[in-house]
Amino acid sequence: MAGSAGTDFPGLNRGTPLEMTLMDPWGASDSFGDDIYGPLGSRRLPCTCARERRPPPGSPPPGPRFRAASSARSSGAPATTAARARRLPPLLVLLAAAAAGPGAGGAARLYRAGEDAVWVLDSGSVRGATANSSAAWLVQFYSSWCGHCIGYAPTWRALAGDVRDWAAAIRVAALDCAEEENHEVCRAYDVHFYPTFRYFKAFTKEFITGENFKGPDRELQTVRRTMIDFLQNHTDGHRPPACPPLGPVRPSDILSLLDSRDGRYVAILFESNSSYVGREVILDLLPYENIVVKRALDTDKAFLEKLGVSSVPSCYLIYPNGSHGLINIGKPLRSFFSSYLKSLPDVRKKLLSVPERPNKAKTPETVVWREFDRAKLYTADLESGLHYLLRVELAAHKSLAGAELRTLKDFVTVLAKLFPGRAPVRKLLETLQEWLASLPLDRIPYNAVLDLANNKMRISGIFLINHIKWVGCQGSRPEFRGYTCALWKLFHTLTVQAGAHPEALDGTAFEGDPQAVLQSIRRYVRTFFGCKECAEHFEELARESMGSVKTADQATLWLWKQHNFVNNRLAGHLSEDPKFPKVPWPSPDLCPACHEEVKGLHSWNEGQVLLFLKQHYGSGNLVDTYAEDQGDASDGGGPPGGGERERGHASPEEPRGDPRAESARPPSVLPPRPRLSEGSQLGLDGRLQSVSWAEGRREAEAVVPFLGMGFSSLDMSLCVVLYVASSLFLMMMYFFFRVRSKRWKVRHHRPSV
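Counting from 1, residues in each chain are numbered in the order their sequence is written. Whole-chain, interface and lining totals are the exception, using all residues; otherwise, since this is a predicted model, local features are given only for residues with pLDDT of at least 70 and side-chain atom pairs are given and counted only at 80 or more. Think of the side-chain values as coming from all heavy atoms in the structure, minus any hydrogens and water.

Bringing the overall build of the protein chain into the picture now. Each helix and strand in the protein chain was counted, giving 23 helices and 19 strands. Within the protein chain, buried positions represent 53% of all 753 residues. Areas reported here follow the Shrake-Rupley algorithm with a probe of radius 1.4 Å; residue values treat only the protein chains shown as occluding. Accessible surface, the protein chain as shown: approximately 33900 Å² in total, 55% of it carbon and sulfur. The secondary structure listing takes helices from DSSP runs of H or I that are at least 4 residues long and strands from runs of E that are at least 2 residues long, numbered from the N terminus. Here's how the labels work: a residue is buried when its accessible area is under 20% of the maximum for its type, exposed when over 50%, partly exposed in between, all with a 1.4 Å probe on protein chains only.

Below is the structure:
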């Protein structure tokens, strides 16, 4: 315990026990800023950062020789590590949990409540903080998996610290849209991409989504100056009461100040019209008493000469006793002016009624690290990625129309035809694809798609996990790897499946097109991927070389090449997981035949790489270890509240759960499906063995009920409206002809004699 507490990671509290890691010197990572290819044999037991409480082992980190040998012993490591964890004394377990301390859990993310100057908001505090506030707000809506957000975090923290004294007038805050509890509030504020910067004016009573940041760049100085512009855009009646006027004073006003005495210092900053130094110093001195700071422009040269001001910016100081004169500052910089004025006698901080920060530390949650084999592809990663894609990333768009709707339809078509996962998940994708294809509308509310993804209609035979459970995509901290890792695994899987089963796209617009999958991925990333800067980088790569792809094999290799290219570019970036370094993949231990040397330089054997990719991302390599128990597939998701089922550390080689669980499920929920290793398995030679993939699909689909149509609440609402309208029309026609018949009888009635 003592040996492991001396090292701490950025973003975790000091004293967090260091996890024990058996690392292979080789590894690789993804190209969106989080790792996907991790080192073989990584066995990590973090003390905090997710859901289940599990103590870390109390042993110090292994030495270099132990690390180097981990690759050779990877097969036996999981059981050994798990057994070692189970032997921990109960007291050591309690001490490990206590040492984690508040803020060490996943809630800390990129910004630490109570430690950083950033106001950390969440779904329960953002509305209360920004509504009818006496101060303005600048809020960054970010996602902790977004590589650009991770890289920008030091700048945002530095900005918040730099303008800490401005808090009575404007505050710098952040809200993590990747947190499950914040998904709905980010939708409400119409946040589509990360990071998104929004200004909220003071005393705003109605709900607004804020004003978008309009600066030319996001450098600290640029953002600080736009904050000043935003404050000046407030009307006099709605300007934060603690914020003094930021406009320049006239020479006549300065003369009156020279003749008056009010017992305070008055500092006048002379500057050019384009300078922000005066306004920055005014705000820096906001929380200080016995001093008033004004700014004046250098337009009246004669007046400046009279005061002895020869250059700008310069500070002219009026003392409490009435004397005045130009002060001598070492450098005409904001920090020099502010520091000098704060150090004047009797100038001290005043007690401002700044409200308590709405960022109380959350109770830390601990989770057990799920042992995994990086040579395997995990169903849990792909399904968790689909969950986030459908219910969070796409759900940020309240409605879809035009190019956005076409992009969604194309991407869902590719998913429905090529996704190799479990039958209920495939059935959900196929139902969604059929429903989207049959829509005659040019615009749809995304809530209708959500209704189908959440199975509001209780359709039998469809299911998708309703929370995140990373396995091969786990990171050493919550902000590392995760969704982007799963998304890349999904993309690679789709390209491999398209090459292995081209008949799956028959009858679609993609039939016979080797670029079909790549182009649908490209359009999805460009249109919907949350990290906008990452999407722009991917679009540049696609524009440069995607047009050269002529075959399905070339499509598979193109994605692999671009992935490694960007890994190399992002190596050493703040988004890189230190436990999963970004290095070329596959590593020599995973695919020795993929690596060669030509004249002493490393070279790839692309033929062997292609065979490896087909095997690694093929259906036969997909394992259900840690995959969520589907239970009643008509529920459309996992257990309520997103709880996790596994207990302790399970070896990746061992099957998950009770082997009788599958036979206990209703036949209508989980159809009998041959295991991929026994049926449609893709070998290293790239040839399909035994049962065809299409036959397996037809067998899985055969048990789906005929009435399992993908109707959403929108469809049902339209049906009800049409039913009521037709009923009213028939009733009106009935009464019309009834009345007309009576009138005809009265008109032609002849009384009998």
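With that settled, consider the nonpolar core. Buried Ala, Val, Leu, Ile, Met, Phe, Trp, Tyr and Cys residues form a nonpolar core when they are joined through side-chain atoms within 4.5 Å. Within the largest apolar cluster, 154 residues are counted, with the highest numbers of intra-cluster contacts made by Trp156, Met227 and Leu341. A total of 10 residues in this core trace back to one element, the largest contributor, which is helix 16 (residues 483–500). Ile254, Leu258, Tyr316 and Ile318 belong to the second largest nonpolar core, which has 13 residues in total.

Cis peptide bonds are those with omega within 30 degrees of zero, and the linkage from Tyr194 to Pro195 qualifies with -10 degrees. Inspection of the secondary structure assignment puts Pro195 in the loop between helix 6 (183–188) and strand 4 (196–200). The amide bond that connects Trp585 to the next residue, Pro586, takes the cis arrangement and shows omega of 0 degrees. As for its position among the elements, Pro586 is in the loop between helix 19 (552–570) and strand 15 (595–598). Notably, Asp190 is not glycine yet its phi reads approximately 60 degrees, a positive angle.

Two orientations exist for strands paired in a sheet by backbone hydrogen bonds: parallel and antiparallel. The strand order 8-6-9-10 describes an open sheet built from 4 strands, whose pairing is mixed. The outermost strands of the open sheet, each flanked by one partner alone, are strand 8 (291–297) and strand 10 (324–326). Each strand of the sheet is rotated relative to its neighbour by a mean of 20 degrees, with strand direction disregarded. Both strand 9 (residues 314–318) and strand 10 contribute to a ladder of 3 bridges, which runs antiparallel. Each bridged residue has a counterpart across the sheet, and for Ile318 the counterpart in strand 10 is His324. A contact between two residues is defined here by any heavy atoms of the two lying within 4.5 Å. Convention adopted: a line fitted to C-alpha atoms gives each axis, helices being fitted over their contacting stretch, and angles between N-to-C directions are expressed from 0 to 180 degrees. Set on the sheet, helix 11 (residues 334–342) makes contact with strand 6 (265–271), strand 8 and strand 9; between it and strand 9 the angle comes to about 15 degrees. The rule for pairing is simple: two strands pair if DSSP sees at least two bridges between them.

The next thing to look at is helix 13 (residues 402–418). Here the expected span of a helix is defined as 1.5 Å times the quantity of residues minus one. Compared with an ideal rise of 1.5 Å per residue, which puts 17 residues at 24 Å, helix 13 spans 25 Å between its outermost C-alpha atoms and is within 8% of the ideal. Of all the residues in helix 13, the buried ones are Leu405, Thr407, Leu408, Phe411, Val412, Thr413, Val414, Leu415, Ala416 and Leu418.

For the rest of this paragraph, the subject is the sheet that holds strand 4. One open sheet holds the 5 strands; their spatial order is 1-3-2-4-5, and the pairing between them is mixed. With one partner strand each, in any of the chains shown, strand 1 (119–121) and strand 5 (211–212) form the two edges of the open sheet. Summarising the sheet, strand 2 (residues 136–142) and strand 4 pair through 5 bridges and their orientation is antiparallel. Among the inter-strand pairings, Trp137 is bridged to a residue of strand 4, identified as Phe200. Each of strand 2, strand 3 (170–176) and strand 4 is contacted by helix 5 (residues 147–162), which is oriented at about 155 degrees to strand 3, the strand it contacts most.

For the purposes of this analysis, a disulfide is any pair of cysteine sulfur atoms at a distance within 2.5 Å. In total, this model carries 4 disulfides according to the counting rule given. Across the disulfide from Cys473 sits Cys485; the S-S distance is 2.0 Å. Between Cys473 and Cys485 the disulfide shows an S-S torsion of about -75 degrees. By sign, it is left-handed. Of this pair, Cys473 sits in the loop between helix 15 (446–453) and helix 16 while Cys485 sits in helix 16, and the two are 12 residues apart along the sequence. Judged by relative accessible area, which is 0%, Cys473 ranks as buried. Disulfides within the protein chain link the bonded cysteines, taken in sequence order, as 1-2, 3-4, 5-6, 7-8. In this structure Cys149 is not part of a disulfide, and its nearest cysteine sulfur, from Cys146, lies 3.1 Å away.

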